[in-house]
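As a plain string of letters, each chain reads:
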2 protein chains.
Amino acid sequence: MTHSFEELQLLFNKELGAYSPAVEPNNLQDPVTYTLGMGGKRLRPVLLLMAAEAFGGKIEHAMPAALAIEIFHNSTLIHDDIMDHADVRRNQPTVHKEWNVNTAILSGDLMIIKASEEISKIDVDKLKDVLKVYNKISTQVCEGQQYDLNFETDDQVTISDYMKMIRLKTSVLLAGALQIGAIIGGASVDNAKNMYCFGENLGLAFQLQDDLLDAFGDLKTFGKKIGGDIVANKKTFLLLKALEIAQGAYRDELTSLINKKDIKEDEKISGVLDIYNSLNIKAITEDFMLQHFNKAFDYLGKIDIPEQNKETLKQIAENLVGRKS
Amino acid sequence: MTHSFEELQLLFNKELGAYSPAVEPNNLQDPVTYTLGMGGKRLRPVLLLMAAEAFGGKIEHAMPAALAIEIFHNSTLIHDDIMDHADVRRNQPTVHKEWNVNTAILSGDLMIIKASEEISKIDVDKLKDVLKVYNKISTQVCEGQQYDLNFETDDQVTISDYMKMIRLKTSVLLAGALQIGAIIGGASVDNAKNMYCFGENLGLAFQLQDDLLDAFGDLKTFGKKIGGDIVANKKTFLLLKALEIAQGAYRDELTSLINKKDIKEDEKISGVLDIYNSLNIKAITEDFMLQHFNKAFDYLGKIDIPEQNKETLKQIAENLVGRKS
């Protein structure tokens, strides 16, 4: 019997709620509890548990790895928020704001270690294979973050560079969570790899949708301010694609909007959106997103298990990229 | 056959020299190579290899763990240097100075992960036991660093607090390196624990000696400026002991020297040293150091292997705390 997304989310949140890093002093422990308690969809650990169940694995065998993935993910949020000078996350002060930068560095470090500690609790016969994936993807998350930082001051970023960056920074953790779940569930090497590729492409589609929502999303459902990426000149797929295809007056106008220092935020957003609309950026991005979404489903199709075992994974994928069909 | 400290150092440095984190982009990889290439005695990894050999283990089986310990240790140096605003280490700019704070945070994170990756390469039959020790001691290093940071603004720090802090920040990594080496070498649980306790007490003695050298060391052999701790009001064993036992005029004078903002460095150093001399701080600290040193040897004595297998460990211990007898 497999569980639904909501059931797994509940089971995981119960486990996470009972988790404590069990360290001293308080100002090292508290930021960890604070960060893990901020909420969130718990997408990565739930996918991991789901993948384990798809191969007949038991939740309790996969739970330490699910915890590890979530703890690691949250460690990157703490450190990314320092690097991005982000003061608020989920409507709460970030750790370096609530405490200070030193404590944010150190509690993030601690969480990287605690994540390793959790994942090392899985059955020893799967441990080497799981650690291999885990250490690879956590390395790649660092690589993705460094590329993202570098892109801020790099005017030569291409679409291909961008896809590489979001693959490393976002997709591989999702993909690796699914692969680790599959391994723990007892999947063959090929099935576990296809699970990885399913997640990799799903992650890319998910990030492209995030780019789209920033520009074209519904304020109510998106939860963030529309146009934040545009104001920050963030090199998203939308902007890079626009810069790639814009000619003549569109190109001049877009370049001017990007470089203007004293422009009002609303004016900049509507100016850039006008160009996006003229260049058909929304449809181009949706199409590209759909390509990755379909590719994800191709890999899911290759996995050699009963179709019914893939049902919850299919549903979550469809929910993730906002398609109901 | 066992190897000498120098031979193990050579073997380890060869391995470390060939090590690459194999990541992109360059400004993530370069800080790692830079930091690992800064040199140093490689004390922790060499002790690990030595402990493995003491139980008849092979160097090559222990090498991934030795690399892990050194990589982890260096990750803490990068992050500590950010927290301490230290611009120079081993006469070279620190990573956050040579690159920037963000890259220093991220390359430190990467090294924590890469250390885990290396240690996971040891034989699977020892892996769980080794990871248990490794994750525990790396957690404790974070705890020690947080205590150290907290002490800067805490006027109630006791000798007992201080000993706890240096145990966590310094000793456990040395102790754990020895325990891990012992486990890999095939030691019994008790022997491995005694190896840990040997290292723990040795580490405490070593740190107490470091405190002593800052105040009473020979500039030529110490390598650092004499009195740095005194100028910075660093709560070392010496200062805490002096504050504990000083009475009357000594107490007033010491408190005044600590709190004076506009005092010349040399004046402060010689003033504090005068009080240390009057209070017999040097002999008290040496005695306390010797207690830990002897305790270390007691634990070494309890280890159930031929005495000749302990010879190199004895020698390094004696060299470490500057005793030749």
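Residues numbered from 1 in each chain as written. Chains lettered and ligands numbered in written order. Predicted model: local features only at pLDDT ≥ 70, side-chain atom pairs only at ≥ 80, totals over all residues.

Of the regular secondary structure elements, chain A holds 16 helices and two strands. A compact globule built from 325 residues should have a C-alpha radius of gyration of about 20 Å, and chain A, at 20 Å, falls within 12% of that. Taken along its principal axes, the extent of the C-alpha atoms in chain A is 60 × 50 × 35 Å. Out of the 325 residues in chain A, the part that is buried amounts to 47%. (Helix = DSSP H or I, 4+ residues; strand = E, 2+ residues; numbered from the N terminus. Rg over C-alpha atoms; globule rule 2.2 N^0.38 Å. Buried ≥ 20, exposed ≤ 12 C-beta atoms within 10 Å, placed from the backbone.)

All names here are of chain A. On domain assignment, one finds that chain A holds domain 1 (1–141) and domain 2 (188–325). On a C-alpha basis, the centroid separation for the pair domain 1 and domain 2 is 25 Å. Each side of the interface is counted separately: domain 1 has eight residues, and domain 2 has nine residues. Of the residues assigned to the side of domain 1 that touches domain 2, the class counts are six nonpolar, two polar and no charged. (Domains from an automatic or database assignment. Contact = placed C-beta atoms within 7 Å. Nonpolar A, V, L, I, M, F, W, Y, C, P; charged D, E, K, R; others polar.)

It is worth spelling out the relation of the copies chain A and chain B at this point. For the pair chain A and chain B, the superposition axis carries a translation of 0.0 Å, the fit reaches an RMSD of 0.0 Å, and the rotation angle comes to 180°. The operation mapping one copy onto its partner corresponds to a two-fold rotation axis. Same-surface contact between copies: 100% of interface residues of chain A are shared with the interface of chain B. (Least-squares fit on C-alpha atoms with pLDDT ≥ 70 in both.)

What follows is about the interface of chain A and chain B. On the side of chain B, 33 residues touch chain A, which itself brings 33 residues to the contact. The set of elements that each furnish at least two residues to the side of chain A that touches chain B consists of α2 (26–36), α4 (59–83), α6 (101–119) and α7 (124–151) of chain A. In terms of residues, the side of chain A that touches chain B owes the most to one element, α7(A), which gives 14 residues. Per-class residue counts for the side of chain A that touches chain B are 16 nonpolar, eleven polar and six charged.

Counting residues in hydrophobic clusters, the biggest one holds 180 residues, and the most contacted among them are L48(A) and L48(B). When residues of this core are assigned to domains, at least three fall in each of domain 1 (1–141) and domain 2 (188–325) of chain A. Discounting residues that sit within four places of it in the chain, L48(A) has contacts with A62(A), A65(A), A66(A), I69(A), A177(A), L178(A), I180(A) and G181(A). (Core = buried A, V, L, I, M, F, W, Y, C linked by C-beta atoms within 7 Å.)

A separate point is the packing of helix α2 (residues 26–36) of chain B against helix α6 (residues 101–119) of chain B. Each pair of packed helices gets described by two things: the angle between the helix axes and the distance between those axes. Residues and elements named next belong to chain B. Axis separation between α2 and α6 bottoms out at 9 Å; the angle between their running directions is 70°. With respect to their mutual orientation, α2 and α6 come out roughly perpendicular. With respect to the hand of their crossing, α2 and α6 are arranged in right-handed fashion. From α2, N27, L28, P31 and V32 reach across to α6, where they touch T103, A104, L106, S107, L110 and M111. (Axes fitted to C-alpha atoms, helices over the stretch in contact; angles between N-to-C directions. Parallel < 35°, antiparallel > 145°, perpendicular 65-115°, else oblique. Left-handed = near helix turned anticlockwise from the far one by under 90°.)

Next up on the list: the environment of K193(B). Residues and elements named next belong to chain B. Mapped onto the elements of the fold, K193 is located in helix α9 (residues 189–216). Here K193 falls in the partly exposed class, since 18 other C-beta atoms lie within 10 Å of it. The spacing of K193 and T312 is 119 residues in sequence and 19 Å in space, taken between C-alpha atoms.

The next point concerns the environment of A205(A). All names here are of chain A. Considering the arrangement of structural elements, one finds A205 in helix α9 (residues 189–216). Residue A205 is classed as buried on the basis of its C-beta count, with 25 C-beta atoms lying within 10 Å. Between the C-alpha atoms of A205 and A317, which are 112 residues apart in sequence, the distance is 9.6 Å. Not counting the four nearest positions on each side in its chain, A205 is found in contact with M289, H292, F293, A296 and V321.

Residues and elements named next belong to chain B. Over its 14 residues, helix α14 (residues 265–278) runs 20 Å from end to end, which matches the ideal 20 Å to within 8%, given 1.5 Å per residue. Packing partners of the buried residues in α14 comprise α9, α11 (228–231), α12 (237–245), α13 (248–259) and α15 (281–302). A positive phi of about 65° marks N280, the residue just after α14. (Expected span 1.5 Å × (residues − 1).)

Moving on, we come to helix α8 (residues 159–185) of chain A. Residue and element names in this part refer to chain A. Here α8 is 27 residues long and its end C-alpha atoms lie 36 Å apart, about the 39 Å a rise of 1.5 Å per residue gives. The largest bend in α8 is about 50°, located at S171. Across the 27 residues that make up α8, a large majority, 21, are buried. G186 sits one or two residues past α8 and shows a positive phi near 100°. (Bend = angle between axes of the 7 residues up to and from the residue.)

A word on the environment of G17(A). Relative to the helices and strands, G17(A) is located in helix α1 (residues 5–18). Look at G17(A) and you get exposed, because 11 C-beta atoms sit within 10 Å.

This next bit is on unusual backbone geometry. Here E24(A) and P25(A) are connected by a cis peptide whose omega angle stands at -15°. Among the structural elements, P25(A) can be located in the loop between α1 and α2. Although it is not a glycine, N280(A) adopts a positive phi angle of roughly 65°. By the secondary structure assignment, N280(A) is in the loop between α14 (265–278) and α15 (281–302). Residues other than glycine seldom take positive phi values, yet N233(B) does so here, at roughly 55°.

Moving on, we get to the confidence of the model for chain A. Chain-level statistics for chain A give a pLDDT mean of 95 and a share of 97% at 70 or above. Both confidence scores are given for the complex: pTM 0.96, ipTM 0.96. (pLDDT = per-residue confidence, 0-100.)

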